[in-house]
Amino acid sequence: MCKKRLNDNKLIQRVLSFEKEGIFEMDDENTYIDFMDYLDDESVDWMDENYDATPQTIMLESIRDDIFCQTN
């Protein structure tokens, strides 16, 4: 759904590019995690050097929260 609706968003496409059969593989580790955990990890990766939220972090957390609200 996000991949199609946000096909012009480079950040979202980068995040979703790590999906393999519904499981996400982390960039720097050979660990498989679910999508919500993956979004959490990705949002931290996009924080600035002082661990403050960047626009990318805010976008990823917003998507994560929207998915959580819609599925719970």
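Rules behind the numbers
Residues numbered from 1 in each chain as written. Predicted model: local features only at pLDDT ≥ 70, side-chain atom pairs only at ≥ 80, totals over all residues. Heavy atoms only, no water. Helix = DSSP H or I, 4+ residues; strand = E, 2+ residues; numbered from the N terminus. Contact = heavy atoms within 4.5 Å. Buried < 20%, exposed > 50% of the residue type's maximum accessible area, 1.4 Å probe, protein only. Arc of directions from axis to C-beta. pLDDT = per-residue confidence, 0-100. Salt bridge = Lys/Arg side-chain N within 4 Å of Asp/Glu carboxyl O.

## Some remarks on the overall build of the protein chain
Link 1 in the chain: Assigned secondary structure in the protein chain consists of 4 helices and 3 strands.
Link 2 in the chain: Its helices and strands taken in sequence order, the protein chain reads α-α-β-β-β-α-α from the N to the C terminus.
Link 3 in the chain: A fraction of 34% describes how many contacts in the protein chain between residues 6 or more apart in sequence connect residues 24 or more apart.

## Section: helix H3 (residues 35-45)
Link 1 in the chain: Considered for burial, the residues of H3 that qualify are Phe35, Tyr38, Leu39, Glu42 and Ser43. Buried residues of H3, viewed axially, fall in a sector of 135 degrees; they line one side.

## Observations concerning the confidence of the model for the protein chain
Do not read the predicted coordinates in detail wherever pLDDT is low.
Link 1 in the chain: Summarising the model, the protein chain shows a mean pLDDT of 76, and 72% of its residues fall at 70 or more.
Link 2 in the chain: Ranking the elements of the protein chain by mean pLDDT puts strand E3 (residues 32-33) last with 54 and helix H4 (residues 55-71) first with 84.

## Here's the deal with the side chain of Thr57
Link 1 in the chain: Inspection of the secondary structure puts Thr57 in helix H4.
Link 2 in the chain: Assessed through its relative accessible area of 0%, Thr57 is described here as buried.
Link 3 in the chain: With residues up to four places along the chain from it excluded, the contact list for Thr57 reads Ser43, Trp46 and Met47.

## Brief notes about the pattern of salt bridges
Link 1 in the chain: Summed over all chains, the structure comprises 2 salt bridges.
Link 2 in the chain: One salt bridge in this structure joins Arg64 and Asp65, with 2.9 Å as the shortest N-O distance.
Link 3 in the chain: Through salt bridges with shared partners, a single network forms among Asp40, Arg64 and Asp65.

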